[in-house]
Amino acid sequence: MKTTMLVTIFCLSLVLSACAAASPAAVTDSTTVATEAAPAATATEAPPVATATEAPPAPTATEAAPTAVVAPPVSGSGVVGGDPTFNLGVVIWQGYWLSRDHFGPFVMASGMGIPFEPPMDMIMGGVQMIAQNPNDQVMIPQNMLPLQAVYRSGSPKLVNNPMDFDPMDFEGMRLDPATFDTTVDVRGQAETMLKETQWAHNFANAHFGEVDGDFGAQQRFIGLMVNMLAQMQAQYAMQSLMGEDMLFHNSDGALDYTGNWVMLHALADLAVLSKGEVQPRYMNPDMYPMFANGAAMLFQALAERTPESAQEAAAAIRALVYLAWSADDASVGDSALAKAVAIADGQLLGLAADDVVENAAALVGLISIGAATGDVNYLAAADELYQKLAADFDPSSGVFQSKSVYSVDDVAWLIGGLNWVTQKGSEAMRGDAANQLTAFYESTLNLSGMQLSAPPGKDGAMAGDYEKNLPSELYYHPLQTPPPPMSGMLTEPAAEITWD
């Protein structure tokens, strides 16, 4: 097995945040193990928000499949050589923590993008709003380098040794600018924005305490920061990437329609946050019209678009379903849902792809539209696709027999598709899908070396003491993954892994 080390902007981190909202009877973006984006929204109800308290009890090690006589040791997931305690509970919690580990250092410390000067007066005003107990104060990191635009790729190797810096000095997590591909891709920008808006929802959850309480202020502060980051990145995209056709173009002029669908999802979620009805602390009446109108205009620009891949179709359906739920204008909501149905009927029903990644993406789209409309025909179609995935899966290795090279984007779609079946698929498929999800997750993210580094022990990304109560370190990160000072790497997954 070999790993290609390169930081790229993709959807895996968002999928992992989705793990936190999963439950064995109803598992998922990103966080939520859904696909590259947020949890599925229906047309009539708010989308679920991932919280640390929603994770289910971890299955016990005795629930693992029995080991045959004279066979190599088999883990709790069924993967040969895996951890015997690995189970769906570990997937959910580890996904939650790796998601937090991924986005903070990247968007606030790495420098891999176009930075902006953080408005300290606004930040201090926000701190006063969310931290009103002198016994629970916020520590503002030193040398923050927040990004208003993210570059396409760069080396994950750190230029400094984090041990030479205070943990709250973000200078210790810088990457080498000489390695950056400075193209700003619409999809990378939008995935980052959506990741941040979903975590803004999460950090406003009661799990992180009340404004006058004695815990959680640091995490509530992160929520304010990521909401601000997403707003700044949206404004950059509208000013620098939007063309006369009202579509968003990469900085090199290329047009990525999948990226535009993700941007639609992100703008719609920013409108939800700034409106303040779901999360009052993020209310911003000055910003709300910009994001709501931006989403509406982008929807109109995409109205005649027919997706050309299962991945694009899935991204489109998820964005449209979210817009259908969130739009103030009922006609926009109705049109968005009708467009999502048309895409599902035209591009995903009857899909005959041999590629496992395409089939996983189609599962995301079909189950998402099925949940939004209540139409069981979409679940029946998803069952057929899932059976194709299951037939190709090797439970002893935890990967698919037809595929030996996995980009991080491939891993994201596969985790997302399996997660959607586990959460929202037909009852007959959920148990098998949960087992397959657990094995694939352990193999790709725990055993392959794809995760380049992670904080040590139960620390997680700026974890509070009240969050360090899970059974073992395995619930926070892969046990074989070294911390940044030892690996010399940012807390990100690699771009590609190969089974040989």
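Thresholds applied
- Residues numbered from 1 in each chain as written.
- Predicted model: local features only at pLDDT ≥ 70, side-chain atom pairs only at ≥ 80, totals over all residues.
- Heavy atoms only, no water.
- Helix = DSSP H or I, 4+ residues; strand = E, 2+ residues; numbered from the N terminus.
- Areas by Shrake-Rupley, 256 points an atom, 1.4 Å probe, with all protein chains shown as cover.
- Salt bridge = Lys/Arg side-chain N within 4 Å of Asp/Glu carboxyl O.
- Phe/Tyr/Trp six-rings, centres within 6.5 Å; stacked < 30°, edge-to-face > 60°.
- Buried < 20%, exposed > 50% of the residue type's maximum accessible area, 1.4 Å probe, protein only.
- Core = buried A, V, L, I, M, F, W, Y, C linked by side-chain atoms within 4.5 Å.
- Contact = heavy atoms within 4.5 Å.
- Arc of directions from axis to C-beta.
- Axes fitted to C-alpha atoms, helices over the stretch in contact; angles between N-to-C directions.
- Parallel < 35°, antiparallel > 145°, perpendicular 65-115°, else oblique.
- Left-handed = near helix turned anticlockwise from the far one by under 90°.
- Nonpolar A, V, L, I, M, F, W, Y, C, P; charged D, E, K, R; others polar.
- Polar contact = N/O pair within 3.5 Å; in protein donor to acceptor, adjacent residues only side chain to side chain.
- pLDDT = per-residue confidence, 0-100.
- Expected span 1.5 Å × (residues − 1).
- Bend = angle between axes of the 7 residues up to and from the residue.

1. Side note on the overall build of the chain
Counting its regular elements, the chain contains 14 helices and 9 strands. Surface summary for the chain: the accessible area is close to 18,000 Å², and the carbon and sulfur share equals 53%.

2. Thoughts on the pattern of salt bridges
Side-chain pairing between opposite charges can occur once the charged atoms of the two side chains come close. One pass over the structure, following the stated rule, counts 16 salt bridges. Among the ionic contacts, a cluster of salt bridges with common partners joins R152, D181, D185 and D252.

3. Thoughts on the packing of aromatic side chains
All chains considered together, the criterion is met by 15 aromatic pairs. Considering the side-chain rings of Y406 and F440, the 6.0 Å spacing of their centres and the 55° angle between planes classify their relative orientation as tilted. In this pair, Y406 sits in strand β8 (residues 405-407) while F440 sits in helix α13 (residues 427-447), placing the two residues 34 residues apart along the sequence. There is no split in this pair, since Y406 and F440 are both buried.

4. Remarks on the nonpolar core
By size, the foremost hydrophobic cluster in this structure holds 143 residues, and its most contacted members are F248, M263, L264, L267, Y406, L414 and F440. Residues in contact with L264, not counting those within four places in the same chain, are A295, L298, F299, A319, L320 and L323.

5. Observations concerning the environment of V364
Relative to the assigned elements, V364 resides in helix α10 (residues 356-373). Taking the C-alpha atoms as reference points, V364 and A314, separated by 50 residues in sequence, lie 6.0 Å from one another.

6. A short note on the environment of L145
Here L145 is to be found in the loop between α3 (120-130) and β4 (147-150). Taking the C-alpha atoms as reference, L145 lies 9.4 Å from G113; in sequence the two are 32 residues apart. When near neighbours in sequence (up to four residues on either side) are disregarded, L145 contacts V107, M108, A109, G111, P115 and R174.

7. Let's talk about α3
The set of residues buried in α3 consists of I123, G126, V127 and I130. For α3, the buried positions fall inside an angular range of 105° around the axis, keeping them on one side. Opposite the buried face of α3, by more than 90 degrees, sit the exposed residues D121 and Q128. Its buried side turned inward, α3 meets α5 (217-240).

8. Here we look at the packing of helix α6 (residues 257-275) against helix α7 (residues 288-301)
Contact geometry of α6 with α7 gives a least axis separation of 8 Å together with a crossing angle of 150°. Between α6 and α7, the angle falls in the class roughly antiparallel. For α6 against α7, the interelement crossing comes out left-handed. Along its contact with α6, which presents N260, M263, L264, L267, A268, L270, A271, S274 and K275, the element α7 presents Y288, F291, A292, G294, A295, L298 and F299. Class assignment of the residues belonging to the contact of α6 with α7 gives a composition of 12 nonpolar, 3 polar and 1 charged.

9. Examining the side chain of S274
Within the secondary structure, S274 sits in helix α6. Judged by its relative accessible area of 1%, S274 is buried. Within the local environment of S274, its side chain forms a polar contact with the backbone oxygen of A271, the two atoms lying 3.3 Å apart. Filtering out sequence-adjacent residues up to four positions away, S274 remains in contact with Y282, M283, N284, P285, M287, Y288 and F291.

10. Some words on the confidence of the model for the chain
With 85% of its residues at a pLDDT of at least 70, the chain reaches an overall mean of 86. Contacts for the low-pLDDT stretch residues 19-74, under 50 throughout, to residues beyond four places or in other chains number 183 contacts.

11. What about unusual backbone geometry?
The phi dihedral of N143 is positive, around 55°, even though this residue is not glycine. Inspection of the secondary structure puts N143 in the loop between α3 and β4. The residue M246 is not glycine, and still its phi comes out positive at about 70°. Its location among the elements puts M246 in the loop between α5 and α6.

12. Examining α13
Helix length check: α13, at 21 residues, gives a terminal C-alpha distance of 30 Å against a target of 30 Å (1.5 Å per residue), a fit within 8%. In α13, a bend of some 25° at A433 exceeds every other bend along the element. Among the 21 residues of α13, 15 are classified as buried, and the element is accordingly described as predominantly covered. Among the residues trailing α13, G449 stands out with phi positive, at a value near 90°.

13. Quick word on the environment of P471
By the secondary structure assignment, P471 is in the loop between α13 and α14 (484-487). Taking relative accessible area as the criterion, P471 reaches 64% and is therefore assigned exposed. Separated by 381 residues in the primary sequence, P471 and V90 place their C-alpha atoms 9.6 Å from one another.

14. Topic: the side chain of H249
Examined against the element boundaries, H249 turns out to sit in the loop between α5 and α6. What H249 contacts, discounting residues up to four positions off in sequence, is V186, L241, G243, A254 and L255.

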